[in-house]
Amino acid sequence: MESARFLARQVRTGKRSARDGVGKALADLHDSQAALNLTTFIDESAISRAEELDRRVAAGEDPGPLCGVPVVIKDIIDQAGVPTTCGSAFYRAYPRHSAPVVERLERAGAVIVARAGLHEFAFGFSSENPWFGPVRNPHDPATSPGGSSGGSGAVVASGVAPISIGTDTGGSIRVPAALCGIFGLKVTHGRVPLTGVFPLGASLDTVGPLAATTGDLSFAYASLAGWHPEDPWSSPRPTDLDLLNAPLEPRDLRVGLPDQWIENAPYAAGYRERFDVIIGQLESLGVGVEQFDDPVLLPPGRLENFFYPQVAAVHRRWWEEGRPYGREVAGRIRETLEVGGDQPAEALLDAKRWQAHLQHRMGAAFQRFHLLALPTAGALRKVIGDQEMHTVTHGRLPYRAVLSWFNSLVNVSGCPAISIPVPQPDQTSGVPFSLQLVAPWWREDLLLRASAILEKEGVARSVLAVGTRPSRQSR
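Anyway, here's the lowdown on the structure attached to this text. (Residues numbered from 1 in each chain as written. Predicted model: local features only at pLDDT ≥ 70, side-chain atom pairs only at ≥ 80, totals over all residues. Heavy atoms only, no water.)

## Remarks on unusual backbone geometry
And then number 1: Put simply, G147 and S148 share a cis peptide bond, and its omega is 5°.
And then number 2: On the secondary structure map, S148 appears in the loop between β5 (133-134) and α5 (150-157).
And then number 3: Positive phi, close to 60°, is recorded for A122, a residue that is not glycine.
And then number 4: Of note, A122 is situated in the loop between β3 (111-116) and β4 (128-129).
And then number 5: For A122, a relative accessible area of 3% translates into the label buried.
And then number 6: A positive phi angle, near 70°, is found at W442, a position not held by glycine. (Helix = DSSP H or I, 4+ residues; strand = E, 2+ residues; numbered from the N terminus. Buried < 20%, exposed > 50% of the residue type's maximum accessible area, 1.4 Å probe, protein only.)

Below is the structure:
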């Protein structure tokens, strides 16, 4: 798959038409739908938007850095004139206005070609949707691409589009990136506006890109980031995009390994050892690595008391009206109402106290280290229909417990993080191990620069799936 950077440069200079690139993406989406179920909606009107870009280029205009790049967005983000379903049986919104993130992508010249499949209401990690069908992992269609942004991860991993957009409340960008073998960026809470994005837990929700290369991830991030004056969650803090190109050497980095978080985690066979090998690779590049002890950095903490009241506030009315939810999400909605619906003020205060303590301990760690290193997940193979995953450390566990372990605390802290695919030296297929780096608040640039170093040194790269889409020539 060609990179977004290369494609945009070709279109901007008139060497290729946006119409051809978008037309290919639309055809590939149709071809893959039966096998992988990547989308809830394919937007044929994208062709007319691509043709308009070609007219502007022919007239001497520069439509923007993402000119002609096909992008797929999660079906939880509003796009004017296109239905937002949230993967639900009953929710249908037909927005008159696009979310700021969509406006920014289109202002940069991107062409939105489809809406990615997802876990119902973004409330889960599998994207096995009871109403639209399960999204399937292009590396192995019997397995999940993760969630809740599963379609966003799978569409990049299958080579259909170079960039997709997802949301991350407890790992919902990083987990699909990990299970699909690509890169994913969870931004600092407040870095990208949430207006026009259906909430799961708004104080934890973030919007961010998934891509096959760090360069494309950075490319997309630069278009998304920044304050929106009408968005109550976005911060007016400067984005410092010039830092994305600042020089960085491996020897300049100090990386911390939080012992309790790493050692107590559920792992599939060989995954703990693989993480150690990757840390050794970092050290061989000159990165300073040190373990440190902090029992506060240990899941799950008081996450339910902090998160569930927010979910309950969104869904209570529909639940009481008897609206249809799928079995898994219905169980979770019921739990949110029992645990978080009417909990006493003391419990909420205790949860906020725990969050503050966690943030302070993360801040203390970043006094010593530039970055923290963790796996993105201790296991990466989730079979569709199986509610558990096997680990050698904890036996069979609910899949959410396995996939959330290294992710949810990052959202509670508000820090940014990146998922980086790190294949074995000779690995050309299958899902590679996923390394997660966590940075201090507002330092997305540091994550992207560190990831670019690992790509440059041959440590990191996406392993895209092949042979998952039927050939149009063979039909």
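## A look at the pattern of salt bridges
And then number 1: Applying the stated criterion across every chain, the model contains 26 salt bridges.
And then number 2: The partner of E51 in a salt bridge is R19, with the nearest N and O atoms 2.7 Å apart. Of this pair, E51 sits in helix α3 (residues 46-58) while R19 sits in helix α2 (residues 18-36), and the two are 32 residues apart along the sequence.
And then number 3: Taking the relative accessible area as the measure of exposure, E51 reaches 26% and is therefore partly exposed.
And then number 4: One salt bridge in this structure joins R56 and E61, with 3.1 Å as the shortest N-O distance.
And then number 5: Exposure remark for E61: the relative accessible area of 40% places this residue in the partly exposed category.
And then number 6: If you follow the salt bridges from partner to partner, you end up with E263, R272 and D276 in one network. (Salt bridge = Lys/Arg side-chain N within 4 Å of Asp/Glu carboxyl O.)

## Quick word on the pairing of strand β6 (residues 163-167)
And then number 1: Burial analysis of β6 places 5 of its 5 residues in the buried class, which makes it a mostly covered element.
And then number 2: A two-sided burial pattern is seen for β6, the buried positions comprising I163, I165 and T167 on one face and S164 and G166 on the other.
And then number 3: Pairing of strand β2 (residues 70-74) with β6 involves 3 bridges; the strand directions are parallel. When the sheet's bridge partners are listed, V71 is paired in β6 with I163.
And then number 4: Where β6 meets strand β8 (residues 207-211), 5 bridges bridge the pair, whose relative direction is antiparallel. Each bridged residue has a counterpart across the sheet, and for T167 the counterpart in β8 is V207. (Pairing = 2+ DSSP bridges.)

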